[in-house]
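Summary of structural features
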Amino acid sequence: MSAPTTTPHREGTAGGTTPRRRRRGPRTWLAALPLLVFTGLCFGIPLGAIAFGAVTRTDPATGATHVTGEHLARSLQGPYLTSLSGSVQLSALTALLATLLGVLIAQAVVTSRSTALRSAALTASGVLANFGGVPLAFAFIATAGISGVVTQLADLTGLGWDLYSFTGLTVVYLYFLIPLMVLVTVPALDGLRPQWREAAQNNGATGWQFWRHVGLPVLAPSLLGGFVLLFGTAFAAHATAAALVGGSVPLVTLKIADALSGNVLTGQENVALALGLDMILIAGLVMAVYLPLQRRSARWLR
């Protein structure tokens, strides 16, 4: 008797094993090559120039260039450190307030049954989130400045209101940070499945218990990611603060502009580059926190 023969199954057939995943060939990298080149030119070259200027010093007599840590050390001392600290404090405060208020507004938009209200709120948020710079500063000066319409009608000056201060700048930043938080939070709130709330109600959970044990833990990565995004946006803002407060509020972006233009001291261009490198490092830390949070929230809300 001859031994029974078996026919091997090919991978990918109905009776065979699981088909293998196709390996990504070189065409995938070739498709992304233009984007990589564009990113390298637009970000890599400026970053290299900033880093080179921040750690080098050129002798004006001989023209020789040598490596030094003097500029980085000076950027973390005196008024430069004060401006860096002021930017961090302003960014953290405005990001926290915008996160809280933006979540409440986004929740009201999501739970509303009016599609017109949702469309209007999201459209307005998209416009206001990108409304900044000198036009925003002028709008607040005409509205809530010393001679502004609202200031005169409500006598805000008698109440201690000062637009050209840390508090005033905080209010102005919230004008575009809150809409940005609404845009970030609405998709995350839409990702909360109704079945989760129904299951919690069937098990006798109250609305607060649902948000405490289900809603907030699921939304936590998205909310923290939104906070980090708002922090980075406020930290890098320049035109609005420059047009509104000038040098009355110490901010690192304003200090960089002064150092580059020589308004206060001449020959501080390398210190300005060192301040820019400090900002890049802080922004890098912010993105290092934001990206993992974004990936974690996507696993639950997709």
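See the structure printed just above.
Right, let's walk through the structure included here.

Notes on the overall build of the protein
Helix and strand counts for the protein stand at 12 helices and two strands. Here the protein holds 302 residues, and 31% of them are scored as buried. Counting only contacts in the protein whose residues sit at least 6 apart along the sequence, the fraction spanning at least 24 positions is 67%. Entry remark: accessible area of the protein is about 18800 Å², with carbon and sulfur atoms responsible for 65%.

Here's the deal with the side chain of Thr-56
Tracing the sequence through the fold places Thr-56 in strand β1 (residues 56-58). Under the relative-accessibility criterion, Thr-56 is labelled buried at 6%. A polar contact is formed between the side chain of Thr-56 and the backbone oxygen of Phe-52, at a distance of 2.5 Å.

Describing the packing of aromatic side chains
Aromatic ring pairs are defined here through the distance separating the ring centres and the angle between the ring planes. Taken as a whole and assessed by the stated rule, the structure comprises four aromatic pairs. Consider the rings of Tyr-173 and Phe-176, whose centres lie 5.5 Å apart with planes at 50 degrees: the pair is tilted. With Tyr-173 and Phe-176 both in helix α7 (residues 166-190) and three residues apart, the pair spans about one turn of that helix. For Tyr-173, a relative accessible area of 0% translates into the label buried. Their ring planes at 10 degrees and their centres at 5.9 Å tell us that Phe-231 and Phe-235 sit as a pair that is stacked. Of this pair, Phe-231 and Phe-235 are both found in helix α9 (residues 207-236), four residues apart, which corresponds to roughly one turn of the helix.

Notes on unusual backbone geometry
Of note, Asp-155 is a non-glycine position whose phi angle comes to about 50 degrees, a positive value. Positionally, Asp-155 belongs in the loop between α6 (149-154) and α7. A relative accessible area of 49% places Asp-155 in the partly exposed class.

Side note on the nonpolar core
With 49 residues, the main nonpolar core has Leu-169, Tyr-173 and Leu-251 as its most contacted residues. At the level of elements, α3 (78-111), α5 (134-144), α7, α9, α10 (239-244), α11 (252-261) and α12 (269-301) are the ones that each hand at least two residues to this core. Among the elements that make up this core, the one with the highest residue count is α7 (13 residues). In contact with Leu-169, other than residues within four places in its own chain, are Leu-90, Leu-163, Ala-241, Leu-244, Val-245, Val-249 and Leu-251.

Basis of the calculations
Every chain's residues receive numbers from 1 upward, in the order its sequence appears when written. Confidence filtering applies because this is a predicted model: local features only for residues at pLDDT of at least 70, side-chain atom pairs given and counted only at 80 or more, and all residues used for totals across whole chains, interfaces and linings. Side-chain figures throughout are based on the complete set of non-hydrogen atoms in the structure, without hydrogens or water. Here a helix means four or more residues in a row that DSSP labels H or I, a strand means two or more in a row labelled E, and each is numbered from the N terminus. Burial classification: accessible surface area is computed with a 1.4 Å probe over protein chains only, and a residue below 20% of its type maximum counts as buried, one above 50% as exposed, and the rest as partly exposed. Contacts: residue pairs with any heavy atoms within 4.5 Å of one another. Methods summary: accessible areas were calculated by the Shrake-Rupley approach with a probe of 1.4 Å, and residue burial reflects only the protein chains presented. Counting of polar contacts relies on pairs of N or O atoms within 3.5 Å, with two restrictions inside protein: one atom must be capable of donating a hydrogen and the other of accepting it, and residues adjacent in sequence are counted only when both atoms are side-chain atoms. Centres within 6.5 Å make a pair out of two Phe, Tyr or Trp rings, where for Trp the six-membered ring is used; the pair is then stacked when the planes are under 30 degrees apart, edge-to-face when over 60, and tilted otherwise. Remark: nonpolar core denotes a set of buried residues (Ala, Val, Leu, Ile, Met, Phe, Trp, Tyr, Cys) joined through side-chain atoms within 4.5 Å.

The analysis is restricted to geometry; functional conclusions fall outside its scope.
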